[in-house]
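The lines below spell out each chain.
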Amino acid sequence: MFKPTVVRWEAKAFNVEPRAFFSKLTTFVRQFSANIKNKYFMSDLIQPSLGRQYINPYLVPEFYEKLRPRYMWKNIQSEESLIADILDNIVHTQSVRFPLAIELGCGTGRFTKVLAQFSEHLIAIDPSELMVSHCSKLLQNMTSCDVYQSSAQDIVASGIVSKANLVTAFWSLSYPLQSFFELTLENDGRIVQKGTDAEAVKQAELFLNNLFSNDVRCTYLFIFFSDESEEQKWVTKKWQQIGLLPGGSRNFTWLLLKKHLDRLIKQGHIVKSEIIEGWLNCPDELTLVNVFLDHHLRGLTPLQTNRDELITELIEEMSCFRFEENGSFQVPSAFRLVQVNLTK
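Residues numbered from 1 in each chain as written. Predicted model: local features only at pLDDT ≥ 70, side-chain atom pairs only at ≥ 80, totals over all residues. Heavy atoms only, no water.

Engineer: Can you explain the environment of N251? Please cite residues and give values.
Structural biologist: With respect to the helices and strands, N251 occurs in the loop between α9 (230-242) and α10 (252-266). Using a relative accessible area of 11% as the deciding quantity, one classes N251 as buried. In this structure, the C-alpha to C-alpha distance between N251 and S226, residues 25 residues apart in sequence, is 8.3 Å. Within the local environment of N251, its side chain forms a polar contact with the side chain of D227, the two groups lying 3.3 Å apart. (Helix = DSSP H or I, 4+ residues; strand = E, 2+ residues; numbered from the N terminus. Buried < 20%, exposed > 50% of the residue type's maximum accessible area, 1.4 Å probe, protein only. Polar contact = N/O pair within 3.5 Å; in protein donor to acceptor, adjacent residues only side chain to side chain.)

Okay, structure coming up:
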C-alpha cells in the first residue's frame, strides 16, 4: 500500500472524527434543502477560527458530483467518450489490451470505468479516502481493478509507473505539480508560498522525470484546462486577487509539463497536444455560482472577498453568455488533450 499524502494547500472539510463529520454533513444537507434563500453558499458551516467553513468537493464524492461542471464539447459527446475512442483505436491497432494501466487521481471513477474496459490490470489512486471508497464500490465487480489511497508523488516514487503500459491523469496532474510549491492558506485568507520557485521547479522536474521513466512502451493521456477560455480567464483573474501564483501565471503547472514534453520530442518520442473547445453549461444562476465559486475557486474567496458582491459580479460579467428565454448560461470553455507515446 502506498503512503497517502494530502496536497497541502487544499482546505480541510472538518477537523473531527469521521462519525461526527458525517453527522454534521447530514445535518447541513437537510438544512440546505430546506433553506432556498441561502442556497448560494454550499459550505455555510460554522467554525470559530474561520467563520464559514469550506467542504472541499475534491475530497467528498457527493459534493464533487453536485458541483462538478457540465460541459458541451464540439465534435465529441463527452471527455469519457473521447478517451474511450482513443483507447479503442490503440487497442485495436496493437490487438491486445493494456497489460498494466495506472490512473492518477481517479476521483469518483467516471474515467476509471472507461479505462477498465481496455486494461488487463488497472491501478487507480486518489489522495481522498472517501473518493477511493466511492470508486471501489463502483468497480467492485471488476476483479482486474485495484483502487488505493495514495498521492501521485508516492506512486510515482514507488517505481510501479515504470512498468505501466498506460498512464492517465484527467484534470488531476496539476495537483501533484503545484504541491511542490507548498502553497498554504493563512487564517487571514492569504495564499502564501513557503518554498522558493527554484526549489519547487527542481522537485517538480524530478517528479516528471520519474513519471516518464518507463521500462516498457507506454502511452500517456492527460487532460488539462485551457487558461485561454472565457471560463478560465475569469477564474484566473480571481485567483490573482486571492494570492500568490507561482511564476506569475495560473497555468504554471502546464508550463512545467510542456517544458518536459519538449524534451521528449527532442528525444524522438511522439507527443500530441490539441485544444478541444466547447461550453460550460449552467442551467441557472445557482449552478453558475456553485461551479465558479465553490468548485473553481474552492470556497477560499469568503476569506478575502465579500461573497454577495462576488456573486453579483459573476452574474453580471457572465450575462453576455446568458439565454434570455430560459435563463441558462453557456460560457465558452476549452481543455487541452495531451497524448504521449514513449518508444522503446
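What follows picks up the thread again.
Engineer: Mind laying out the state of the cysteines, listing which residues take part and the relevant values?
Structural biologist: Put plainly, two cysteines are in a disulfide when a covalent bond ties their sulfur atoms together. Applying the stated criterion to the full structure yields zero disulfides. Between C135, a cysteine without a disulfide, and C106, which holds the nearest cysteine sulfur, the sulfur-to-sulfur distance is 4.0 Å. Among the residues examined, C135 registers a relative accessible area of 0% and is labelled buried. (Disulfide = S-S within 2.5 Å.)

Engineer: Which residues make up the pattern of salt bridges, and what values go with them?
Structural biologist: For the structure shown, the criterion picks out 14 salt bridges. With its nearest N and O atoms 3.8 Å apart, the salt bridge here joins E65 to R70. Judged by its relative accessible area of 37%, R70 falls in the partly exposed class. One salt-bridge network, held together by shared partners, links E65, R68 and R70. (Salt bridge = Lys/Arg side-chain N within 4 Å of Asp/Glu carboxyl O.)

Engineer: Can you explain the nonpolar core? Please cite residues and give values.
Structural biologist: Counting 51 residues, the largest nonpolar core has L288, F292 and M318 as the members making the most contacts within it. It is helix α3 (residues 79-94) that contributes the most residues to this core, seven residues altogether. Beyond its immediate chain neighbours, meaning those up to four positions away, L288 contacts C282, L314, I315, M318, F329 and V331. F180, F181, L261 and L264 belong to the second largest nonpolar core, which has 35 residues in total. (Core = buried A, V, L, I, M, F, W, Y, C linked by side-chain atoms within 4.5 Å. Contact = heavy atoms within 4.5 Å.)

Engineer: So what's going on with helix α8 (residues 197-211)? Residues and values would help.
Structural biologist: Side chains of residues three or four places apart in an α-helix project in the same direction, reflecting 3.6 residues per turn. The end-to-end C-alpha distance of α8 is 21 Å, a good match for the 21 Å that 15 residues give at a rise of 1.5 Å each. Lining the buried residues of α8 we find β4 (101-104), α6 (152-158), β7 (166-170), α7 (174-179), β10 (218-225) and α10. (Expected span 1.5 Å × (residues − 1).)

Engineer: Run through the sheet that holds strand β12 (residues 329-342), naming residues and quoting values.
Structural biologist: Within the open sheet, the eight strands sit side by side as β3-β11-β12-β10-β7-β4-β5-β6. Their pairing is mixed. Each end of this open sheet is capped by a strand with a single partner; those strands are β3 (71-73) and β6 (145-149). With direction set aside, neighbouring strand axes in the sheet form an average angle of 20°. In this structure, β10 lies alongside β12, joined through eight bridges in antiparallel fashion. Along β12, the bridge assignment pairs F222 with V338. Relative to the sheet, α10 contacts β10, β11 (270-282) and β12, its axis offset from that of β12 by approximately 35°. Taken strand by strand, helix α11 (residues 285-296) contacts β3, β11 and β12, and its axis lies near 140° from that of β11. (Pairing = 2+ DSSP bridges. Axes fitted to C-alpha atoms, helices over the stretch in contact; angles between N-to-C directions.)

Engineer: I'd love a proper account of the pairing of β7, names of residues and values included.
Structural biologist: A large share of β7 lies buried, amounting to five of its five residues. Going residue by residue along β7, you find L166, T168 and F170 tucked away on one face and V167 and A169 tucked away on the opposite face as well. Of the pairings in the sheet, the one linking β4 to β7 comprises three bridges and is parallel in character. Residue pairing in the sheet places A101 in a bridge with L166 of β7. Across five bridges, β7 lies against β10 in parallel orientation. Of the residues in β10, the one forming a bridge with L166 is T219.

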